Amino acid sequence: MTLAIFDLDNTLIGGDSDYLWGRFLAQRGIVDGKWYESENQRYYEQYKAGTLDIHQFLQFALQPLSQHTLAQLHLWRAEYIDEFVRPILLPRAFKLLDEHRARGHTLMIITATNRFVTEPIAHLLGVEHLLATEAEIIDNRYTGKLSGTPCFQAGKVTRLREWLAQNGHDLTESHFYSDSHNDIPLLSIVDHPVVVDADATLMAHAQEQGWRMISLR
């Protein structure tokens, strides 16, 4: 089995689903709009700079999930997907996924964004396997807490290795596509690293390493 692994935000889609979910919540008045927008932007800038404290961010990002029922959250999420995600789907991303399917590869998305936000996006893209940051659920309600290892930076490597062990697979001939320098740990362990519309830090690293560079925009 050959794995074709993809980062999600700003790689397979033309934006950041975590950041956009925060904007949706603020615009709908589900959270304190002005404060939440400001914090959401602050954390996004930290992510881009590589200085994000993932645990601190997740305390912020997962808290709204704990304040509403699953039924209500799912209604809002459907609206968010239609209004914020569908407009940033990339035709070239669908073509790339189809190319890997035609080669018989197993497709996987691995993302720091939580599963609640990203699971329907993986379905839209037709990708069966999703490794995402997991939000704790107790008695059919989100607690606002993290469950397990955050799927971020070196945590992506940890989560992927756990999945490989559980499923009896390895990284032989594996591919990984990402836009972000936060994913250098995972890009460094696959056989075919590919940078996609890369940030400046990743672009410089990729040029040094001789990694393939593409655009899906």
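Procedures and definitions
- Residues numbered from 1 in each chain as written.
- Predicted model: local features only at pLDDT ≥ 70, side-chain atom pairs only at ≥ 80, totals over all residues.
- Heavy atoms only, no water.
- Salt bridge = Lys/Arg side-chain N within 4 Å of Asp/Glu carboxyl O.
- Helix = DSSP H or I, 4+ residues; strand = E, 2+ residues; numbered from the N terminus.
- Buried < 20%, exposed > 50% of the residue type's maximum accessible area, 1.4 Å probe, protein only.
- Axes fitted to C-alpha atoms, helices over the stretch in contact; angles between N-to-C directions.
- Parallel < 35°, antiparallel > 145°, perpendicular 65-115°, else oblique.
- Contact = heavy atoms within 4.5 Å.
- Pairing = 2+ DSSP bridges.

With respect to the pattern of salt bridges
Here's step 1: All told, the structure shown has twelve salt bridges when counted by the stated rule.
Here's step 2: Of the charged contacts in the structure, one is a salt bridge between E119 and R115, with a shortest N-O distance of 3.2 Å. In this pair, E119 and R115 are both assigned in helix α6 (residues 115-125), four residues apart and thus about one turn of the helix distant.
Here's step 3: Overall, the relative accessible area of 31% leaves E119 in the partly exposed class.
Here's step 4: Judged by its relative accessible area of 22%, R115 falls in the partly exposed class.
Here's step 5: For E134, the salt bridge goes to R159, with nearest N and O atoms at 3.9 Å. Of this pair, E134 sits in strand β3 (residues 129-138) while R159 sits in helix α7 (residues 154-167), and the two are 25 residues apart along the sequence. There is no split in this pair, since E134 and R159 are both buried.
Here's step 6: Bridged by salt links that share partners, the residues R115, E119, E134 and R159 form one connected network.

Concerning the packing of helix α1 (residues 17-27) against helix α2 (residues 33-49)
Here's step 1: Running from amino to carboxyl end, α1 crosses α2 at an angle of 170°, the nearest separation of the two axes being 9 Å. Taken together, the axes of α1 and α2 lie roughly antiparallel to each other. Along the contact surface, α1 presents D18, Y19, G22, R23, L25, A26 and Q27, while α2 presents G33, Y36, E37, N40, Q41 and Y44.

Looking at the sheet that holds strand β2 (residues 106-114)
Within a sheet, neighbouring strands are paired by backbone hydrogen bonds and run either parallel or antiparallel to one another.
Here's step 1: Ordered in space as β4-β3-β2-β1-β5-β6-β7, the seven strands form an open sheet in which the pairing is mixed. One side of each edge strand has no neighbouring strand; the edge strands of this open sheet are β4 (141-147) and β7 (212-214). Across the sheet, the axes of successive neighbouring strands diverge by a mean angle of 30°, strand direction being ignored.
Here's step 2: Against the sheet, helix α5 (residues 91-102) makes contact with β1 (3-6), β2, β5 (175-178) and β7, and its axis sits at roughly 165° relative to β1, the strand it touches most.

Any functional reading would require information that these geometric values do not contain.
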